[in-house]
Amino acid sequence: MSESRLRLSENEGVTLVEFVDRNILDEANIQAINEEITGEIEKSDTPRLLISFSNVDHLSSAALGALITINNKIKEKAGELHLANIDPQIYEVFVITRLNKLFNIHDTTDEAREAFAN
Amino acid sequence: MPDANTHIEGAHVVDLAHDRDAITALIEQILGVAEQNGFGGSAAFAIRLAIEEAITNAFEHGHKGLSDDLTIRVEHRIEPGVFEFAVEDQGPGFQPSALPDPTLLENLSKPSGRGVMLMKAYMSEVSFNAQGNRVKMRYIAPSA
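Because the structure is predicted, anything quoted here is derived from the model rather than measured. (Residues numbered from 1 in each chain as written. Chains lettered and ligands numbered in written order. Predicted model: local features only at pLDDT ≥ 70, side-chain atom pairs only at ≥ 80, totals over all residues. Heavy atoms only, no water.)

## Things to note about the pairing of strand E5 (residues 134–140) of chain B
Residue and element names in this part refer to chain B.
Reasoning step 1: For E5, the buried fraction is high: five of the seven residues fall into the buried class.
Reasoning step 2: Of the strand pairs in this sheet, strand E3 (residues 82–88) and E5 are connected by seven bridges, and their pairing is antiparallel. Counted as the bridge partner of Val82 is Ile140 from E5.
Reasoning step 3: The sheet contact formed by strand E4 (residues 125–128) and E5 spans four bridges and is antiparallel. Across the sheet, residue Phe128 finds its bridge partner in E5, namely Val135. (Buried < 20%, exposed > 50% of the residue type's maximum accessible area, 1.4 Å probe, protein only. Helix = DSSP H or I, 4+ residues; strand = E, 2+ residues; numbered from the N terminus. Pairing = 2+ DSSP bridges.)

As structure tokens, then:
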């Protein structure tokens, strides 16, 4: 197992996921991130994940694909996924791909936490 | 539209192996030259994204099922206000016009198929050769 590319912390039933890397671009890195988050999803009956992009400067379509896969897995378990702290340039990528319609996106992690059901 | 078959005149040409360190080094080198030519901020963001998508497509899709030892050819030429870039793989090619629209509601939950649309969204011009194994892009700075 290679070194984790994520920082995970739990608070009031919500797992906060933060990225170690500023650039989430290459396939191997993205696959490792996907597997690690999938592991977190599998641990819970109804996963509640908050992914913060506060350190992230760049991401690729492969990273968007991994986020979609994660979202699909969470939905299958009737869980919740919220995204927060997305840099305006990266948010533009979500808008261009219309993925801002698919994901629950918030300005801050505090706002995202308030948006979780219950 | 640029003709994707035509090689970029005066371009730097690199045969790039499927090695992340080599890919990152080339991209950083290109971005360094781009910055020297006035492509910072949102232009640098656009260029990095388009290069990443083109290189990823070449290795992950263009060479799918083929030897991982195959290289791709990367050409780039940068001058103030104009950035040109081409990527050619050694695969059979694909038909970009056959790609489904990833922004349609029924495709939003599909994890792949956004690379080409992002290149087109962020570059001024994008073209493919007839075989579909070579993509050529041009970014023209708004003030150029």
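## Observations regarding the interface of chain A and chain B
Reasoning step 1: Contact residues are listed per partner, giving 24 residues for chain A and 22 residues for chain B.
Reasoning step 2: Carbon and sulfur atoms make up 64% of the surface buried where chain A meets chain B, a total of about 1900 Å² over both sides.
Reasoning step 3: Contact with chain B buries surface across chain A, with A:Ser61, A:Gln89 and A:Ile96 losing the most and accounting together for 25% of the total.
Reasoning step 4: Summed over the shared surface of chain A and chain B, the result is zero salt bridges.
Reasoning step 5: In this structure, the connection of chain A to chain B is made through three residue pairs in polar contact (both at pLDDT 80 or more). (Contact = heavy atoms within 4.5 Å. Buried area = accessible area lost by both parts, 1.4 Å probe. Salt bridge = Lys/Arg side-chain N within 4 Å of Asp/Glu carboxyl O. Polar contact = N/O pair within 3.5 Å; in protein donor to acceptor, adjacent residues only side chain to side chain.)

## Here's the deal with the sheet that holds strand E1 (residues 12–16) of chain B
All names here are of chain B.
Reasoning step 1: The five strands lie next to each other as E1-E2-E3-E5-E4, forming an open sheet whose pairing is antiparallel. The sheet is open, and its two borders are formed by E1 and E4, each paired with just one other strand. Looking at each pair of strands side by side, their axes are set apart by 15 degrees on average, direction ignored.
Reasoning step 2: Packed onto the sheet, helix H1 (residues 20–36) meets E1, strand E2 (72–79) and E3 and runs at close to 15 degrees relative to E2. (Axes fitted to C-alpha atoms, helices over the stretch in contact; angles between N-to-C directions.)

## What about the pattern of salt bridges?
Residues and elements named next belong to chain A.
Reasoning step 1: A full pass over the atoms with the stated rule returns twelve salt bridges over all chains.
Reasoning step 2: Put simply, Arg5 and Asp21 hold a salt bridge, and the shortest N to O gap is 2.6 Å. Note that Arg5 is positioned in the segment before strand E1 (6–11) and Asp21 in the loop between strand E2 (14–19) and strand E3 (23–24), a separation of 16 residues in sequence.
Reasoning step 3: Classification of Arg5 by relative accessible area gives partly exposed; the value is 21%.
Reasoning step 4: Classification of Asp21 by relative accessible area gives buried; the value is 17%.
Reasoning step 5: Residue Glu40 is joined to Lys43 by a salt bridge in which the shortest nitrogen-to-oxygen separation is 2.7 Å. You can see Glu40 and its partner Lys43 sitting in helix H1 (residues 27–43), three residues apart, about one turn around the helix.

## Section: a negative patch on the surface
Residue and element names in this part refer to chain A.
Reasoning step 1: A cluster of like negative charges, contributed by Asp107, Asp110, Glu111 and Glu114, occupies part of the molecular surface.
Reasoning step 2: On the secondary structure map, Glu111 appears in helix H4 (residues 109–115).
Reasoning step 3: Of the residues examined, Glu111 reaches a relative accessible area of 40% and is grouped as partly exposed. (Patch = residues over 30% accessible without salt bridge, like charges linked within 9 Å, V, L, I, M, F, W, Y side chains within 5 Å. Areas by Shrake-Rupley, 256 points an atom, 1.4 Å probe, with all protein chains shown as cover. Lys, Arg positive; Asp, Glu negative; His and termini not counted. Charge placed at Lys NZ, Arg CZ, Asp CG, Glu CD.)

## Points about the sheet that holds E1(A)
Residues and elements named next belong to chain A.
Reasoning step 1: A sheet is described by the order of its strands in space; here five strands give the open sequence E1-E2-E4-E6-E7, paired in mixed fashion. Both edges of this open sheet fall to E1 and strand E7 (104–106), since each of them pairs with a single strand only. The sheet shows a mean angle of 25 degrees between the axes of neighbouring strands, direction not considered.
Reasoning step 2: As defined by bridge partners, E1 adjoins E2 across six bridges and the pair is classed as antiparallel. In the sheet register, Ser9 faces E2, and the bridge partner there is Leu16.
Reasoning step 3: Contacting E1, E2 and strand E4 (48–52), H1 crosses the sheet at an angle of about 20 degrees to E1.

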